[in-house]
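Structure assessment
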Amino acid sequence: RRPPDEEEEAEVGWQEKLFSQFEVDLYRNESACQTPLDRQYHEEILKLEKAGGRKNYRIFTYTDHDRFTNLEEHCQKVTNSDYEVPSYLAERMANVRRRRQDRRPIEASSLKSKIITWEPSEEFIKNNHVINTPVQTMYIMGDLGPYGKLGHREYEHVLCTIKVDGNGVITVKPDFTGTEGGYRIVLDGEKREVWKYTVENASVQVQPEEEEREQRVFRDLYGRHKEYLSGLVGSEFEMILPGTLRVFVNGEIVSAQGYEYDNLYVHFFLELPNQWSSPAFQQLSGVTQTCATKTVGWDNVAYFCYTFTLEMFFTQGDESEDNLPQWPVLYFEVLSLDFWQRYRVEGYGSLVLPASSG
């Protein structure tokens with residue numbers, strides 16, 4: 001809507017709306033422009049001043065430097081209940097500083113020692129649930145006041161909010177309208193005016209070669225970040241395949257007691273049920289050394305102290321199957337060796353591998 005010609009002089013100039021007064025004065029002075037963006041603003045301001053300014057005086061913006069705060073974004077309520085009490089997380093998130101922050105670089109050595117906090121305190125858990133990513137915010141405002149009364153704060157309404165966080169993610173709220181139609185703002189005045197507006201992405205379509213160049217930059221960035229994380233964790237950390245359970249068993253055959261003959265040894269082997277597998281180099285059986293027994297109390301005890309290591313993989317075949325998988329079983333055979341080098345079977349046993357350490 002364009003105001004009548006006789007009221008144009010009473011309108012507030014677009015410069016005082018699009019920029020703060022300090023910024024306008026700054027960009028008018030060419031010698032004060034330091035960056036290419038400052039010089040671009042300087043040229044645009046001169047061109048618009050020569051052309052008589054913009055015809056639309058109602059659209060302007062606020063940035064971080066204007067210290068404007070949209071109170072609706074800082075509302076601590078997360079439901080529409082009148083009796084809601086904000087939780088600890090809601091209160092902390094409402095007070096998060098959303099302006100740009102200056103962060104000091106953290107040395108890699110200090111990061112390396114704090115990758116895992118084994119015993120986090122309750123206060124540590126609460127503080128780390130609060131996201132405090134630095135954010136730059138710009139509000140696109142609409143001055144919906146009556147003709148001749150533009151420039152009053154009570155008539156300003158937020159049309160769109162654009163945020164850019166420290167990770168480079170751009171958030172537009174509300175979203176681009178597209179084919180869904182425009183957004184409506186109903187004023188509470190006597191005339192009860194209804195304003196309708198649309199939010200469109202006016203960016204030029206990216207050319208295929210530019211998009212490919214951008215993808216190469218992203219791939220290089222992600223590759224460097226992956227190398228950085230690998231340097232923190234170390235090269236010995238090995239990832240398993242998705243949907244696979246990997247089990248390591250470090251066991252020890254300590255002793256055998258209560259058998260009739262002396263010079264005992266133990267033969268053991270592992271049985272893997274269906275959907276279980278092991279590496280090709282993995283030995284699924286083993287034999288302890290032959291051990292002479294000692295008399296301990298009333299029993300003859302053979303101390304082996306034989307250690308072994310097993311590695312297994314479980315792959316879920318049918319995702320809809322609700323049954324728990326069968327667990328691997330260790331089978332033992334206790335034998336003895338006599339003076340004539342004859343072997344005798346002293347007993348058998350089995351053990352389902354425990355699902356937890358200990």
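What counts and how
- Residues numbered from 1 in each chain as written.
- Predicted model: local features only at pLDDT ≥ 70, side-chain atom pairs only at ≥ 80, totals over all residues.
- Heavy atoms only, no water.
- Pairing = 2+ DSSP bridges.
- Helix = DSSP H or I, 4+ residues; strand = E, 2+ residues; numbered from the N terminus.
- Axes fitted to C-alpha atoms, helices over the stretch in contact; angles between N-to-C directions.
- Salt bridge = Lys/Arg side-chain N within 4 Å of Asp/Glu carboxyl O.
- Buried < 20%, exposed > 50% of the residue type's maximum accessible area, 1.4 Å probe, protein only.
- Phe/Tyr/Trp six-rings, centres within 6.5 Å; stacked < 30°, edge-to-face > 60°.
- Lys NZ or Arg CZ within 6 Å of the ring centre and 35° of its normal.

Digging into the sheet that holds strand β14 (residues 343-352)
On the basis of which strands lie adjacent, the open sheet formed by four strands has the order β10-β8-β13-β14 and antiparallel pairing. Each of the sheet's edge strands pairs with one partner strand only, and the pair in question is β10 (285-287) and β14. Averaged over all adjacent pairs, the angle separating strand axes in this sheet is 15°, with direction ignored. Inspection of the sheet shows strand β13 (residues 329-337) paired to β14 by nine bridges, in the antiparallel sense. Pairing of V329 across the sheet is with V352, part of β14.

Topic: the pattern of salt bridges
One pass over the structure, following the stated rule, counts seven salt bridges. Residue E156 pairs with R153 through a salt bridge whose shortest N-O separation is 3.3 Å. Linking R342 and D338 is a salt bridge whose minimum nitrogen-to-oxygen distance equals 2.8 Å. The class of D338 is buried, set by a relative accessible area of 12%. Taken together, the shared-partner salt bridges connect D338, R342, R344 and E346 into one network.

Thoughts on the pairing of strand β3 (residues 156-165)
Note: strand β2 (residues 135-143) against β3, nine bridges, orientation antiparallel. In the sheet register, Q136 faces β3, and the bridge partner there is V164.

Quick word on the pairing of strand β12 (residues 299-315)
In this sheet, β12 lies alongside strand β7 (residues 244-257) in antiparallel orientation, the contact comprising 13 bridges. Residue pairing across strands places E252 opposite T307, the latter belonging to β12. By the bridge criterion, two bridges tie strand β9 (residues 276-277) to β12 in an arrangement that is antiparallel. In the strand pairing of β12, S277 is matched with F313. In this structure, strand β11 (residues 294-296) lies alongside β12, joined through three bridges in antiparallel fashion. If you follow T295 over to β12, its bridge partner there is N300. Here β11 folds back onto β12, and the loop between the two strands holds two residues, one of which, G297, carries a positive phi near 65°.

What about the packing of aromatic side chains?
Tallying each qualifying case throughout the model produces 10 aromatic pairs. Consider the rings of Y183 and Y197, whose centres lie 5.8 Å apart with planes at 40°: the pair is tilted. Of the two residues, Y183 sits in strand β5 (residues 183-186) while Y197 sits in strand β6 (residues 194-197), which places them 14 residues apart along the sequence. Residue Y183 is classed as partly exposed on the basis of its relative accessible area, which comes to 25%. According to the relative accessible area criterion, Y197 is buried, its value standing at 18%. On the numbers, 5.1 Å between centres and 40° between planes, the contact of F268 with F308 is tilted. Here the residue F268 occupies a position in strand β8 (residues 264-271), and F308 occupies one in strand β12, the gap between them amounting to 40 residues. For the pair formed by F268 and F308, the shared burial category is buried. Counting every residue linked through ring pairs, the aromatic cluster contains F268, Y306 and F308. In this structure, R344 is placed above the aromatic ring of Y261, and the distance from its NZ or CZ to the ring centre is 3.7 Å.

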